[in-house]
Amino acid sequence: MLRKLFSITAVSLAAAAASTTPAIAADGFTLPGKPSIAMLYYGPKNDGGWTQAFDEARVKIEKELGLKVQFVENITEDASVIKPAAERFISRGANIVIGTAFGHSDAFKDLAAKYPKVAFLNASGTTNGANLESFYGRTYESQYLCGMAAGAASKSGKLGFVAANPFGVVNWTINAFALGAQKMNPNATVNVIYTGTWNDPVKERAAASALIDQGADVIGQHVDSPTPQIVAQERGVYGTGHHRDLRQFAPKATLCSSVWVWDKFLVTELKKIIAGGWKPEPYGAFIPMSAGGTDIAGFGPGVPADKVKVIQAERDALMKGKQIYAGPLSDREGKQRVAAGAVLSDADLWKMDWFVKGVVTQK
């Protein structure tokens, strides 16, 4: 999802890293009373993807914390919508407010300044402060594992990928998907089509169909709807999903999915807030699989049992700190991007505009 997040440039990232750390009290942030949590959903709770993953997490959070979590749907990336929605909850006693879109970032920064006794969290945001923390998962880890499943299931070694926009955190999923596929089949290639939008089933259907027509026998995706998986099933090929377990929509086709497990991170972070002395990450929480960003769901019957064991072993390695973008690593033109013994920095991950060998991109 992330909407307009990926318009962030390398310059702005560098500036953020060089700027003064947001002021956080030495003793941290403490709620003035009992916790009351509210969530602002970007879209409808049953969208099948990004927002539904948050709604499913909300149910688990309620059970884990023993607290009711209020929510409102369709809070778009417009301050005139975001601020009144948050303030309605605050006026009713909410003292922890969770946003779910990049476009909530600036409004949340303003709200955090206006309501210093309220804790704010925002998924895919970029603003942070003494009582505000943005967070996002390292999706390239789970997409790498999905790529392994794709490489294991493919007969031709020709994979397709339906992507939204050519932004850093979409490109990092494409590259990780390709690296995972090539771990299983060194000759695997990934042909990519960008739709130019996060959720457009018509464009996604056209892109998936075109990739299959070009010979792809597995379709990966970083778009919001399950359409690429549905097309894969209709056409008798395989696919890997994004956001949620898309076997719900294409049980025969979907090999595995990169899924959000927001409750794992949020339960831990909410407990910190409730306990008192909470110190938000000054530049936001960038969550690995081991801390509850993403994971994988599967596997479909198209992944051989012996290959499942290999994928699970890689998952275990990632949980223990294995780095996907570790050197030596070069791009498809042969330029070294990560030196031997080094790991790609977070700033370079965010601005990723290059592709590994075997990735073919097209609009």
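Residues numbered from 1 in each chain as written. Predicted model: local features only at pLDDT ≥ 70, side-chain atom pairs only at ≥ 80, totals over all residues. Heavy atoms only, no water.

Chemist: Mind showing me how you'd approach the overall build of the chain here?
Modeler: Broken down by element type, the chain carries eleven helices and 15 strands. Out of the 363 residues belonging to the chain, those deemed buried represent 56%. The long-range fraction of contacts in the chain, counting pairs at least 24 apart against all pairs at least 6 apart in sequence, stands at 69%. Once the 39 positive and 33 negative side-chain charges of the chain are each reduced to a mean point, those two points are 2 Å apart. (Helix = DSSP H or I, 4+ residues; strand = E, 2+ residues; numbered from the N terminus. Buried < 20%, exposed > 50% of the residue type's maximum accessible area, 1.4 Å probe, protein only. Contact = heavy atoms within 4.5 Å. Lys, Arg positive; Asp, Glu negative; His and termini not counted. Charge placed at Lys NZ, Arg CZ, Asp CG, Glu CD.)

Chemist: Honestly, unusual backbone geometry in this entry has me stumped. Any pointers?
Modeler: Working note: non-glycine residues mostly have negative phi, and peptide bonds are mostly trans. Phe299 follows Gly298 through a cis peptide bond whose omega is 15 degrees. Mapped onto the fold, Phe299 is located in the loop between strand 12 (294-298) and helix 10 (305-319). Here the residue pair Gly327 and Pro328 is connected by a cis peptide bond, since its omega of 5 degrees sits within 30 degrees of zero. By secondary structure assignment, the location of Pro328 is in the loop between helix 10 and strand 13 (329-330).

Chemist: How should I be thinking about the sheet that holds strand 7 (residues 189-194) in this particular structure?
Modeler: Adjacent strands of a sheet pair through backbone hydrogen bonds, lying either parallel or antiparallel. Sheet architecture is open: seven strands sit in the order 12-10-9-8-6-7-15, paired in mixed fashion. The open sheet has two edge strands with one neighbour each: strand 12 and strand 15 (359-362). Mean inter-strand twist for the sheet, computed between neighbouring axes without regard to direction, equals 20 degrees. Relative to strand 15, strand 7 runs parallel, the two sharing four bridges. Along strand 15, the bridge assignment pairs Val192 with Thr361. Helix 5 (residues 139-153) contacts strand 6 (158-163), strand 8 (218-222), strand 9 (238-243), strand 10 (254-260) and strand 12 of the sheet and is inclined by roughly 180 degrees relative to strand 10. (Pairing = 2+ DSSP bridges. Axes fitted to C-alpha atoms, helices over the stretch in contact; angles between N-to-C directions.)

Chemist: I would appreciate a short explanation of the side chain of Thr227 in the present structure.
Modeler: Tracing the backbone through its elements, the reader meets Thr227 in helix 8 (residues 227-235). Residue Thr227 is classed as buried on the basis of its relative accessible area, which comes to 8%.

Chemist: In this structure, what is going on with the sheet that holds strand 2 (residues 69-72)? I would like to understand it.
Modeler: Overall, parallel pairing links the six strands, which are arranged 2-1-3-4-5-11 in an open sheet. Looking at the sheet topology across the chains shown, the edges are occupied by strand 2 and strand 11 (285-287). With direction set aside, neighbouring strand axes in the sheet form an average angle of 20 degrees. Against the sheet, helix 2 (residues 50-65) contacts strand 1 (37-40), strand 2, strand 4 (119-123) and strand 5 (132-137), and its axis sits at roughly 165 degrees relative to strand 2.

Chemist: Before we go on, may I ask you to explain the nonpolar core in this structure?
Modeler: One broad rule of soluble globular proteins: the nonpolar side chains tend to lie buried together. Ranked by size, the top nonpolar core spans 93 residues in total, and within it Phe135, Trp262, Leu270 and Tyr325 carry the most contacts. When residues in this core are grouped by element, the largest group, ten residues, is from helix 6 (residues 168-184). Residues within four places of Leu270 in sequence aside, it is in contact with Ile37, Ile61, Leu65, Ile96, Ile98 and Leu121. Counting 17 residues, the second largest nonpolar core, distinct from the first, contains Ile75, Ile82, Ile90 and Val118. (Core = buried A, V, L, I, M, F, W, Y, C linked by side-chain atoms within 4.5 Å.)

Chemist: Teacher, can you tell me more about the environment of Asp213 here?
Modeler: Turning to its location among the elements, Asp213 is positioned in helix 7 (residues 201-213). The class for Asp213 is exposed, based on a relative accessible area of 58%. Residues Asp213 and Arg235, 22 residues apart in the sequence, show an inter-C-alpha distance of 9.7 Å. Only 2.7 Å separates the side chain of Asp213 from the side chain of Arg235, close enough to count as a polar contact. (Polar contact = N/O pair within 3.5 Å; in protein donor to acceptor, adjacent residues only side chain to side chain.)

Chemist: Can you help me understand the pairing of strand 2 in this one?
Modeler: Residues in a regular strand project their side chains so that they alternate between the two faces of the sheet. Sheet analysis places strand 1 next to strand 2, joined by four bridges and oriented parallel. Bridge pairing in strand 2 places Met39 opposite Phe71. With respect to chirality, the unit in which strand 1 leads through helix 2 into the neighbouring parallel strand 2 is right-handed. (Right-handed = clockwise from strand over helix to strand, strands pointing away.)

Chemist: Looking at this model, I keep getting lost on the packing of aromatic side chains. Mind explaining?
Modeler: Two descriptors summarise a pair of aromatic rings, namely the distance from one centre to the other and the angle between the planes of the rings. Scanning all chains against the criterion turns up 19 aromatic pairs. Centre to centre, the rings of Trp50 and Phe54 are 5.3 Å apart; their planes meet at 70 degrees, and the pair counts as edge-to-face. Here Trp50 pairs with Phe54, and both are found in helix 2, just four residues apart, close to one helical turn. By the burial criterion, Trp50 is buried, and Phe54 matches it. Both rings, one in Phe161 and one in Phe177, keep their centres 5.1 Å apart while their planes meet at 65 degrees; by these two values the pair is edge-to-face. One end of the pair, Phe161, is in strand 6; the other, Phe177, is in helix 6, and 16 residues separate them in sequence. Joined through ring pairs, the aromatic side chains of Trp50, Phe54, Phe135, Tyr136, Tyr140, Trp172, Trp260, Trp262, Phe265, Phe286, Tyr325 and Trp350 make up one cluster. The cationic tip of Arg138 hangs over the ring face of Phe286; the distance from NZ or CZ to the ring centre is 3.8 Å. (Phe/Tyr/Trp six-rings, centres within 6.5 Å; stacked < 30°, edge-to-face > 60°. Lys NZ or Arg CZ within 6 Å of the ring centre and 35° of its normal.)

Chemist: How do you make sense of the pattern of salt bridges when you look at a structure like this?
Modeler: Pairs can form between side chains of opposite charge whenever their charged atoms are close. One pass over the structure, following the stated rule, counts 17 salt bridges. Notably, a salt bridge pairs Arg244 with Glu56, separated by 2.8 Å at the nearest N-O pair. Here Glu56 lies in helix 2 and Arg244 lies in the loop between strand 9 and strand 10, a separation of 188 residues in the sequence. The shortest N-O distance in the salt bridge between Asp110 and Lys83 comes to 3.0 Å. Separated by 27 residues along the polypeptide, Asp110 in helix 4 (residues 105-114) and Lys83 in helix 3 (residues 79-91) bring together distant segments of the chain. Asp110 sits in the partly exposed class, given a relative accessible area of 41%. The network of salt bridges with shared partners includes Asp55, Arg58, Glu62 and Lys68. (Salt bridge = Lys/Arg side-chain N within 4 Å of Asp/Glu carboxyl O.)

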